[in-house]
Amino acid sequence: MSQLFKSSENGNRNDSAKLSIIDYFIQNGNATTNDVAHVVGVSMPTAAKLISELCADGYVNEYGKLETEEGRRPQLYGINPTSGYFLGVDFDKDLVNIALIDFCGHLVELALDKPFVQQNTMESLEELCDLITTFIDNIEIPREKILMMNVNISGRVNPDTGYSYSMFNFSEDSLASLITERVGIETTIENDSRAMAYGEYAAGNVKGEENVLFFNVSWGLGMGIILNGELYKGKSGFAGELGHVHAFDNEIICHCGKKGCLETEASGSAFYRIVKERLAAGEASTVKKDANGDFTLQDLIDATNNEDWLCIDVVESIGQKLGQHIAGLINIFNPDLVVIGGSLSAVGDYLLQAVRSAVIKYSLSLIFKDTKIVLSKLKDRAGVIGACMIARKNALRE
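The rules behind each value
- Residues numbered from 1 in each chain as written.
- Predicted model: local features only at pLDDT ≥ 70, side-chain atom pairs only at ≥ 80, totals over all residues.
- Heavy atoms only, no water.
- Helix = DSSP H or I, 4+ residues; strand = E, 2+ residues; numbered from the N terminus.
- Pairing = 2+ DSSP bridges.
- Axes fitted to C-alpha atoms, helices over the stretch in contact; angles between N-to-C directions.
- Contact = heavy atoms within 4.5 Å.
- Polar contact = N/O pair within 3.5 Å; in protein donor to acceptor, adjacent residues only side chain to side chain.

(A) Molecular detail of unusual backbone geometry. Of note in the backbone geometry, E307 takes a positive phi value of approximately 65° without being a glycine. Mapped onto the elements, E307 comes out in the loop between α8 (297-305) and α9 (309-333). One non-glycine residue, K379, lies in the positive phi region at around 55°. Within the secondary structure, K379 is located in the loop between β14 (372-375) and α12 (382-395).

Here it is in structure tokens:
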């Protein structure tokens, strides 16, 4: 049963049709009873009855009359934005982003870059739940109005079972159930790259494209796939592990334990390692260092954008290597759109042009000409916005 109608004692055979109506309003905006009847596949009287019940439940509002040149003007209906809210959580190794959207997808609250030490321990999970609870306690929206929460996790995640196999995987209980119990809000989990892809699809660059490949170039390397307008997860929820495709005959051990993964040469961690090696070899750079002579990935991004030639050279090399593999995926999927996101996308054209150059060189021109390659529009908000949108999507699931 959907999260929206879970209070029904025995459920309702019309619940599925109501969910379709709500989803139609979300995707298309306000509409008439006739529009709803046609799209959902019910009679006009049934559509009127279902819309009336949704209005009574508070999910749908009347929005005036449709302007027509002649005849009776039909009533317009649409989602009541305050009828429910959805929480999204996105975190990496040292920061947490949390956001809340209303039922129409409008951003209501946003907290970016909350310090968080990510470790695979119960203590770290408790800290994450405390940060979420504090966020909820400090907003004006009543807790009971938050219908669903989604938390993004890097690595291998099965969103259908709620289990994470890369992080917080120390309990027999699913991670989704552990967070639900501690925070008190029904929770789902999703792979971070897929969530970013869905965020971009629902609220970013996507303007009608139905086949989209999203590349999350952060400390690691991940991929989100949208086919025919649907987020592709694979049989076990593990689709998109591009970073762990064997690509190089190097001796670099990836964090997955194998050697030669694409992530070892095309990611934020690769950027950090390569710059460090070249500095140790005596090359010059303007990258900012701390008292111990170390630097962060953000320091490297800042140096690149300030035209540090060493960093630019490394970024362009990463873009060429990544672009070769994107070219192969374009040949396979023939997508409408390719989006480059993640923290490393903040270097802009230094990465994008290198990727495009490699794609032009290695993809089939007949296929590539139909694909646009762009930078993420949502940037560092893609993950948390995607998490919110997935929470809403899951709340509408039967």
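(B) Region of interest: the sheet that holds strand β4 (residues 95-102). With mixed pairing, the five strands of this open sheet are ordered in space as β5-β4-β3-β6-β9. At either end of the open sheet lies a strand with only one pairing partner, and these are β5 (107-115) and β9 (187-191). Within the sheet, the average angular offset between the axes of one strand and its neighbour, ignoring direction, is 15°. Bridge count for strand β3 (residues 85-91) against strand β6 (residues 146-153) is five bridges, and the pairing is parallel. Paired with Y85 across the bridge in β6 is I146. Along the sheet, helix α4 (residues 122-137) contacts β3, β4, β5 and β6; its crossing angle with β4, the most-contacted strand, is approximately 40°. This element, α12, spans β3, β4, β5, β6 and β9 of the sheet and lies at about 140° to β3.

(C) Region of interest: the side chain of S269. You can see S269 is positioned in helix α7 (residues 268-280). Among the polar contacts listed, one links the side chain of S269 to the backbone oxygen of W219, at a separation of 2.9 Å. The contact partners of S269, leaving out residues within four places of it in the chain, are S218, W219 and E263.

(D) Broad picture of the environment of D90. By the element assignment, D90 lies in strand β3. In sequence terms D90 and R381 are 291 residues apart; their C-alpha atoms lie 9.0 Å from each other. Those residues in contact with D90, other than ones at most four positions away along the chain, are L95, V96, N97, N152, D192, G383 and V384. Looking at D90, its side chain comes within polar contact range of the side chain of N152, at 2.9 Å.

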